[in-house]
Amino acid sequence: MSLVLKQVFNKDRTFEPGTPRIELQRTRTRSREAKLYFKQAVQLPQGKGLHDWVAVHVVHFFNRIKQIYGNISDSCTEQSCPVMSGGPKYEYHWQDDGKYKKPTALPAPKYMSLLMDWIEVQMNNEDIFPTNGTPFPKTFMQVAKKILSRLFRVFVHVYIHHFDRVSQMGAEAHVNTCYKHFYYFVTEFNLMNHKQLKPLVFNKDRTFRPKRKFEPGTQRFELHKKAQASLNAGLDLKQAVQLPHGEGLHDWVAVHVVDFFNRINLIYGTISDSCTEQSCPVMSGGPKYEYRWQDDGKYKRPTALPAPKYMSLLMDWIEVQINNEDIFPTNVGTPFPKTFMQVAKKILSRLFRVFVHVYIHHFDRVSHMGAEAHVNTCYKHFYYFVTEFNLTDHKELEPLKEMTSRMCH
């Protein structure tokens, strides 16, 4: 990264000591330091003005997001990122009142530079962000929304194109925390709509557990790519789950177990803020189905637990299984153990319970986020796979029987 970029992306915009805005900034910081949940921490303090609260947060997010991009900007070049985007579905064009009067496709670094310059101009404009007690203009919220929606694009680009760099730096927790703070703030005050937020509805930032990946160059990695290629090609899901000619069933099952683990914990992670010990005191799928936890450790007998606790134990347990080389061998030539299919069936039947809980208790949250199609597709893929290879008892599938008959037949 050039010295100029370092200066641009590491210089904080601050508030003047003694102003009401600096006191609000301290209130925000105290809320964070007290480790309040973000949903609580972003709420407007009693007796404070919304415009001031938004102004403080816009400046805070600008400083933090600018710093995040600055830290990975050496891997974001005109060669690696010739267009500012968030994957193939989302391309962001730059437009302003100067040189770019029409939406223009630009390399990501150029877009970022123009964006940071533009935001600084807005924040340093006393007519928009007054610091001397002058009332905010009528256009303030409109400008704030535009700044936040454009800053969100930085998150999209970083998560989708540069998260490997974030991981390499050990900065996932920092970036995820910043994103969660941002997300709760903009949704609390309706500063962005759900269509704008859609690129990250199901992405790494909201993952309940880190993704388990296959090592490039391994047979399992090639099978994983083959499975993804089938899905991406738009094949019918009943066809996509069928065992490829010449491939081993155990390898095919292993690839799918890991894939479903990643996708289902991502779905649960996305709605987990609405799944609490108060809202879900027992892990269940409606009044007819209650799921009890049992393992070889603390819970030797089936035990009723709140859903969040059950989910946490479940994801921990699955991670232990799929990271155990004696059960999920990754070395070429190492055979699967005789117990492999038994363990895979247990993992899949327990993952099915996550679908049951999400569909029956939290589908309003899924709908609110506009993510029904994603969850339904994941469920159909899961259902066709486990029934194709008889990996889940039909009795276990009973809670979603009616929905499944409409969706999958």
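By convention here, each chain's residues receive numbers from 1 onward along its written sequence. Only residues with pLDDT of 70 or above have their local features reported here, since the model is predicted, and side-chain atom pairs are shown and tallied only from 80 upward, although totals for entire chains, interfaces and linings are computed over all residues. In computing side-chain values, all of the structure's heavy atoms are included and hydrogens and water are not.

Turning our eyes to something else, we now look at the overall build of the chain. Under the scheme used here, helices are H or I runs from DSSP no shorter than 4 residues and strands are E runs no shorter than 2 residues, and both carry numbers assigned from the N terminus. Per the secondary structure count, the chain includes 17 helices and two strands. Exposure categories follow from relative accessible area, calculated using a 1.4 Å probe and restricted to protein chains: below 20% of the type maximum is buried, above 50% is exposed, and the middle band is partly exposed. For the chain, the proportion of its 409 residues judged to be buried stands at 50%.

UniProt positions are given in the numbering used here, feature names are shortened, and annotations may be inferred rather than shown by experiment. The positions that UniProt labels "binding site: Zn(2+)" (unreviewed entry) are, in the present scheme, C275, C280, H357 and H362. Spatially, the listed residues are clustered: although they cover 88 residues, their C-alpha atoms lie within 10.1 Å of one another. Positionally, C280 belongs in the loop between α12 (249-271) and β1 (292-293). The exposure class of C280 is buried, given its relative accessible area of 4%. Position of H362 among the secondary structure elements: in the loop between α14 (340-361) and α15 (363-368). Note on contacts: a residue pair qualifies if any of its non-hydrogen atoms lie within 4.5 Å across the two residues. When neighbours within four sequence positions are excluded, H362 is seen to be in contact with I271, S274, C275, C280 and H357.

Moving on to the pattern of salt bridges. Any carboxyl oxygen of Asp or Glu within 4 Å of a side-chain nitrogen of Lys or Arg constitutes a salt bridge here. Under the criterion given, the structure shown has six salt bridges. Between D74 and R165 there is a salt bridge, with its nearest N and O atoms 3.0 Å apart. Pair noted here: D74 is in the loop between α4 (50-72) and α5 (108-123) and R165 is in helix α7 (residues 163-168), with a separation of 91 residues, a long-range link. For D74, a relative accessible area of 40% translates into the label partly exposed. Between R365 and D273 there is a salt bridge whose closest N-O contact spans 3.1 Å. On the criterion of sequence distance, the pair formed by R365 in helix α15 and D273 in the loop between α12 and β1 is long-range, its members being 92 residues apart. Each of the two residues, R365 as well as D273, counts as buried.

The contact between helix α6 (residues 140-161) and helix α8 (residues 172-188) brings their axes to 12 Å, and the two run at 145 degrees. Like other packed secondary-structure pairs, α6 and α8 cross with a definite hand, here left-handed. The residues of α8 that touch α6, namely those facing L148, L151, F152, F155 and Y159, are V175, N176, C178, Y179, F182 and V186. Classifying every residue of the contact of α6 with α8 by side-chain character gives 10 nonpolar, one polar and no charged. Axes, fitted as lines to C-alpha atoms, cover a helix only where it is in contact. Angles between the N-to-C directions of the axes lie from 0 to 180 degrees. Throughout, a crossing is termed right-handed when the near helix is turned clockwise from the far one, and left-handed when it is turned anticlockwise from it by less than a right angle. When residues are sorted by character, Ala, Val, Leu, Ile, Met, Phe, Trp, Tyr, Cys and Pro go into the nonpolar class, Asp, Glu, Lys and Arg into the charged class, and all the rest, Gly among them, into the polar class.

Between rings of Phe, Tyr and Trp, where Trp is taken as its six-membered ring, a pair exists when centres lie within 6.5 Å; planes separated by under 30 degrees are stacked, by over 60 edge-to-face, and by other angles tilted. In the structure shown here, the tally under the stated rule is 31 aromatic pairs. Ring plane angle 80 degrees and centroid distance 5.1 Å describe the contact between F155 and Y179, whose orientation is recorded as edge-to-face. Remark: Y179 occurs in helix α8 and F155 occurs in helix α6; sequence separation between them is 24 residues. Seen from their ring centres, W293 and W317 are 6.5 Å apart, and the 80 degrees between their planes marks the pair as edge-to-face. Note that W293 is positioned in strand β1 and W317 in helix α13 (residues 307-322), a separation of 24 residues in sequence. There is no split in this pair, since W293 and W317 are both buried. Counting every residue linked through ring pairs, the aromatic cluster contains F61, F152, F155, Y159, F163, Y179, F182, Y183, Y184, F185 and F189. A cation over a ring is seen here: R150 above W94, with NZ or CZ 4.2 Å from the ring centre. Geometrically, a lysine NZ or arginine CZ counts as sitting over a ring once it is within 6 Å of the ring centre and also within 35 degrees of the ring normal. The ring centre of W317 lies 4.6 Å from the NZ or CZ of R350, which sits over that ring.

Since the α-helix packs 3.6 residues into each turn, any two residues three or four apart lie on the same face. Counted at 1.5 Å a residue, the expected span for helix α16 (residues 372-388) with its 17 residues is 24 Å, and the 24 Å between its end C-alpha atoms agrees. Within the span of α16, buried status applies to V375, C378, Y379, H381, F382, Y383, Y384, F385 and V386. After α16 finishes, the residue N390 shows a positive phi value of roughly 50 degrees. Every helix has an expected span of 1.5 Å times one less than the residues it contains.

The next subject is unusual backbone geometry. At N190, a residue that is not glycine, the phi angle is positive and equals roughly 50 degrees. Positionally, N190 belongs in the loop between α8 and α9 (194-197). Residue N390 is not a glycine yet carries a positive backbone phi of 50 degrees. Looking at the secondary structure, you find N390 in the loop between α16 and α17 (401-408). Under the relative-accessibility criterion, N390 is labelled exposed at 57%.

Within the secondary structure layout, Q278 lies in the loop between α12 and β1. Taking the C-alpha atoms as reference, Q278 lies 8.4 Å from P306; in sequence the two are 28 residues apart.

What follows deals with the confidence of the model for the chain. Detailed conclusions should not be drawn from predicted coordinates in areas where pLDDT is low. pLDDT measures the predictor's confidence residue by residue and takes values from 0 up to 100. Put simply, the chain has an average pLDDT of 83, and 82% of its residues get 70 or more. In the model, residues 24-36 has pLDDT below 50 throughout and makes 20 contacts with residues more than four positions away in sequence or in other chains. Note that pLDDT drops below 50 for residues 203-211; the model gives that stretch 35 contacts with residues more than four away or on any other chain.

Before going further, it helps to examine the side chain of S85. Within the element layout of this structure, S85 appears in the loop between α4 and α5. Residue classification places S85 among the buried positions, given a relative accessible area of 10%. Nitrogen and oxygen atoms within 3.5 Å of one another constitute a polar contact, given that in protein one can donate a hydrogen and the other can accept it, and given that sequence-neighbouring residues count only through two side-chain atoms. A polar contact is formed between the side chain of S85 and the side chain of H161, at a distance of 3.1 Å. With residues up to four places along the chain from it excluded, the contact list for S85 reads Y90, E91, Y92, H157 and H161.

So, about the environment of C280. The spatial distance from the C-alpha of C280 to the C-alpha of P306 is 5.9 Å, given a sequence separation of 26 residues. When neighbours within four sequence positions are excluded, C280 is seen to be in contact with C275, P306, A307, P308, H357 and H362.

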